[in-house]
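Take a look at the letters that make up each chain.
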Amino acid sequence: MTRNFTYQGSSARIIFGNGASMQTAEHVEALNCRRALVLSTPRQAKDAEALAERLGALCVGTFSGATMHTPVEVTERAVAEAAKFRADCVVSLGGGSTTGLGKAIAYRTDIAQVVIPTTYAGSEVTPILGQTEGGAKTTLRSPKVLPELVIYDPELTLGLPVGISVTSGLNAIAHAAEGLYAEDRNPITSMMATEGMRTLKEALPVIVVSRRDADARAKALYGAWLCGTVLGQVAMALHHKICHTLGGSFDTPHAETHAIMLPHTIGFNAAAVPDLLRPVADIFGGSPGQAFYDFAKTIGAPQALKDFGLKESDLDRAAEIATKSPYPNPRPFDRASIRSLLQSAWQGDRPPH
Ligand code: NAD
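Residues numbered from 1 in each chain as written. Predicted model: local features only at pLDDT ≥ 70, side-chain atom pairs only at ≥ 80, totals over all residues. Heavy atoms only, no water.

**Brief notes about the site of the ligand**
Under the convention used in this document: Any residue with a non-hydrogen atom lying within 4 Å of a molecule or strand is treated as near it. Here a polar contact is recorded for every N or O atom pair within 3.5 Å, except that within protein the pair must consist of a potential hydrogen donor and a potential acceptor, and residues adjacent in sequence are included only if both atoms are side-chain atoms. Working definition of accessibility: Shrake-Rupley area with a 1.4 Å probe, residue cover restricted to the visible protein chains. Numbering of helices and strands runs from the N terminus; a helix is a DSSP stretch of H or I covering at least four residues, while a strand is a stretch of E covering at least two. For this classification, the nonpolar set comprises Ala, Val, Leu, Ile, Met, Phe, Trp, Tyr, Cys and Pro, the charged set comprises Asp, Glu, Lys and Arg, and every other residue, Gly included, is treated as polar.
Looking at the ligand, there are 24 residues lining it, with Thr41, Ser97, Thr118, Thr119 and Thr126 nearest. Separating an oxygen atom of the ligand from a side-chain N or O atom of Gln44 is a distance of 2.8 Å. A distance of 2.6 Å separates a nitrogen atom of the ligand from a polar atom in the side chain of Thr118. Here the ligand loses 88% of its free accessible area of 860 Å² to cover by the protein chains. For the shell around the ligand, the leading source of residues is helix H4 (residues 96-109), giving three residues. Grouping the amino acids of the shell around the ligand by side-chain chemistry returns nine nonpolar, 12 polar and three charged.

Shown next, in the form of structure tokens:
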């Protein structure tokens, strides 16, 4: 029987196509903006400069200091630059870190955002902003944070290293998998989640052997958009909560943490909602947790938290933080069950479900 549901589409405009970023100037003008500040990480500074050049008189400057987890001190420097240049929009070129900085600026100044994503993180289509200050990570949702325009240009992802492609792709799949059992899911988000996982399942193994395969890159970016949209529209649960805890309190890297935790958290929840996770079993084959573990192994993803600076002695505190405040999850859990799940992920074990 069809469940009752509420559906709210996103107001973000999406442009998808090879070479689409070449028209960024027209899109900036169409937003009635004339003074763009281009954002990137230090690693993508050259690409940001090239984009700034293409924008010509529409660009007032670049800021290439974006970094993981959106530290407030970096945002404050970028906001000062935006004010100095009297920027009326940001153009964020890069992965979730750069998108996060653009969102943080927009949250404080309400200027428009154009995002040109170059990873599969999905942040560009969510109204969610995570920020860190004094070692603590907080998350907020606000319509101010949702970018006005997203330009997906698969050509820009051809150079994304295989390792980041794999972990970032699994990060996207995690949004979809948790979307399948979200309390506020609806038929559209479930459809997008299923299609997003299917395309990434097809694309990632091709990218691993042929990094610049244009078809696979386009498929993966399309899948990332679908999965990110799911993240933006429904509430996440145990998986995202644990990854947030590990990244925010123990500084584990974002995409790798998602990639490692995915088989364990989804395997844990599969015991409670096997029917809702049926698309995972159908697409990846086998029980959801084990299917994700085997797929991740095939594409060379990292599988153990111990390889990312987390100490075994940190696991008690991680379990405590992740279970401190209650939130909806399809399977009830307590500190002991999460501690044991973290132990398996720390060791890199194949989950039991
Ligand atoms: P990232 O943005 O930190 O990118 C990783 C590295 O890859 C960076 O050095 C970046 O410059 C480089 N890179 C990106 N694209 C490249 C390309 N095409 N070629 C070469 N190098 C490239 O990593 P990420 O995983 O995309 O994003 C992680 C961040 O995003 C975290 O801070 C996370 O919290 C946030 N995030 C937020 C949301 C949300 O909805 N708020 C969703 C997902 C992720």
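**Observations regarding the domain arrangement of the chain**
What counts is decided by this rule: Residue ranges for the domains trace back to a domain assignment, done automatically or taken from a database. Any pair of residues with heavy atoms lying within 4.5 Å of one another is described as a contacting pair. A 1.4 Å probe defines the accessible area here, and the buried area is the portion of it lost by two parts on being joined, summed over both.
Per the domain assignment, the segments of the chain are domain 1 (13-157) and domain 2 (162-347). At the junction of the two partners, domain 1 supplies 21 residues and domain 2 supplies 27 residues. Interface of domain 1 and domain 2: buried area, both sides summed, is about 1900 Å²; carbon and sulfur atoms make up 63% of it. Here domain 1 is connected to domain 2 by six residue pairs in polar contact (both at pLDDT 80 or more). At the level of secondary structure, the elements contributing two or more residues to the side of domain 1 that touches domain 2 comprise strand S1 (13-16) and strand S7 (136-141). Tallying contributions element by element places S7 first for the side of domain 1 that touches domain 2, with three residues. Residue composition of the side of domain 1 that touches domain 2, by class: 10 nonpolar, seven polar and four charged.

**Section: the packing of aromatic side chains**
Rule in force here: Each aromatic pair joins two rings of Phe, Tyr and Trp (for Trp, the six-membered one) with centres within 6.5 Å, and gets the label stacked for planes under 30 degrees apart, edge-to-face for over 60, and tilted for any other angle. Each residue gets one of three labels from its accessible area relative to the maximum for its type: buried under 20%, exposed over 50%, partly exposed in between, using a 1.4 Å probe on protein chains only. For a ring to carry a charge above it, either NZ of a lysine or CZ of an arginine must fall within 6 Å of the ring centroid while also lying within 35 degrees of the normal to the ring plane.
Per the counting criterion, the structure on display carries six aromatic pairs. On the basis of an interplanar angle of 70° and a centroid distance of 5.1 Å, the ring pair of Phe284 and Phe295 is categorised as edge-to-face. In this pair, Phe284 sits in helix H10 (residues 278-284) while Phe295 sits in helix H11 (residues 288-298), placing the two residues 11 residues apart along the sequence. Looking at Phe295, the relative accessible area reads 8%, which means it is buried. Sitting above the plane of the Trp346 ring, Lys306 keeps its charged end 5.8 Å from the centroid.

**Looking at the nonpolar core**
Convention followed: Remark: nonpolar core denotes a set of buried residues (Ala, Val, Leu, Ile, Met, Phe, Trp, Tyr, Cys) joined through side-chain atoms within 4.5 Å.
Tyr120, Leu170, Ile173, Met197, Phe284 and Phe292 are the most contacted members of the largest nonpolar core, which totals 48 residues. Among the secondary structure elements, those contributing two or more residues to this core are strand S8 (149-152), helix H5 (162-180), helix H6 (187-209), helix H7 (214-233), helix H9 (254-270), H10 and H11. Counting the residues that make up this core, at least three belong to each of domain 1 (13-157) and domain 2 (162-347). Filtering out sequence-adjacent residues up to four positions away, Tyr120 remains in contact with Thr157, Leu160, Ser165, Ser168, Gly169, Ala172, Leu204, Ile207, Arg217, Ala220, Leu221 and Ala224.

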